[in-house]
Amino acid sequence: MKNKKTYERPSWDEYFLEVASLVSRRATCLRRKVGAVLVKDKKILATGYNGSPSGLKHCLDIGCLREKLKIPSGERHELCRGLHAEQNVLLQAALYGVSTRGSILYVTNQPCVICAKMLINGGIIEIVTSGDYPDKLARDFLKEAKIKVRKAK
């Protein structure tokens, strides 16, 4: 009998967070690369990464408005060319007519408060992250909405 090599399959969390990490490599933000994967019944519904709207110039090409204005991370989100990965994953689902109700979001960073509000209204039931983001208000909103948020091990 041949020796069988032991092969460990990744858990579902590991698998979807690895996909989110790969998606984040498409991000065009100069400050933070974030990837998001929307999943239901262990099937990928949509992906998103942070970057400028379709057809607009990317920060990679023209520079970061937030850096130029010296805006700290986590503040004044409206002063940015880009959409967040969580916004883009919801928009991609909407663009192709995919319901987000009852789905799980795998994302490389904890969502900000703006994204948290969108995820609440999008019917997301759980958020699994591999990284943090300093936004207590977002965590409070998600907790109040009874959306389970956990950092994968």
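Summary of the structure given here.

What follows is about unusual backbone geometry. One non-glycine residue, D41, lies in positive phi territory at about 55°. Within the secondary structure, D41 is located in the loop between β1 (35-40) and β2 (43-49). Under the relative-accessibility criterion, D41 is labelled exposed at 65%. A positive phi is found at K42, a non-glycine position, where the angle reads about 65°. Looking at where K42 falls in the secondary structure, it is placed in the loop between β1 and β2.

Glancing now at the sheet that holds strand β3 (residues 104-107). Pairing is mixed in the open sheet, where 5 strands are placed in the order β2-β1-β3-β4-β5. The open sheet terminates on both sides in strands that have one partner only, identified here as β2 and β5 (148-151). Each adjacent strand pair in this sheet contributes to an overall mean axis angle of 20°, direction not counted. As paired elements, β1 and β3 share 4 bridges and run antiparallel to each other. When the bridges of β3 are listed, V37 appears paired with Y106. On top of the sheet, helix α4 (residues 85-95) reaches β1, β2 and β3; it is set at about 130° to β2, its chief contact.

What counts, and at which threshold
- Residues numbered from 1 in each chain as written.
- Predicted model: local features only at pLDDT ≥ 70, side-chain atom pairs only at ≥ 80, totals over all residues.
- Heavy atoms only, no water.
- Helix = DSSP H or I, 4+ residues; strand = E, 2+ residues; numbered from the N terminus.
- Buried < 20%, exposed > 50% of the residue type's maximum accessible area, 1.4 Å probe, protein only.
- Pairing = 2+ DSSP bridges.
- Axes fitted to C-alpha atoms, helices over the stretch in contact; angles between N-to-C directions.
- Contact = heavy atoms within 4.5 Å.

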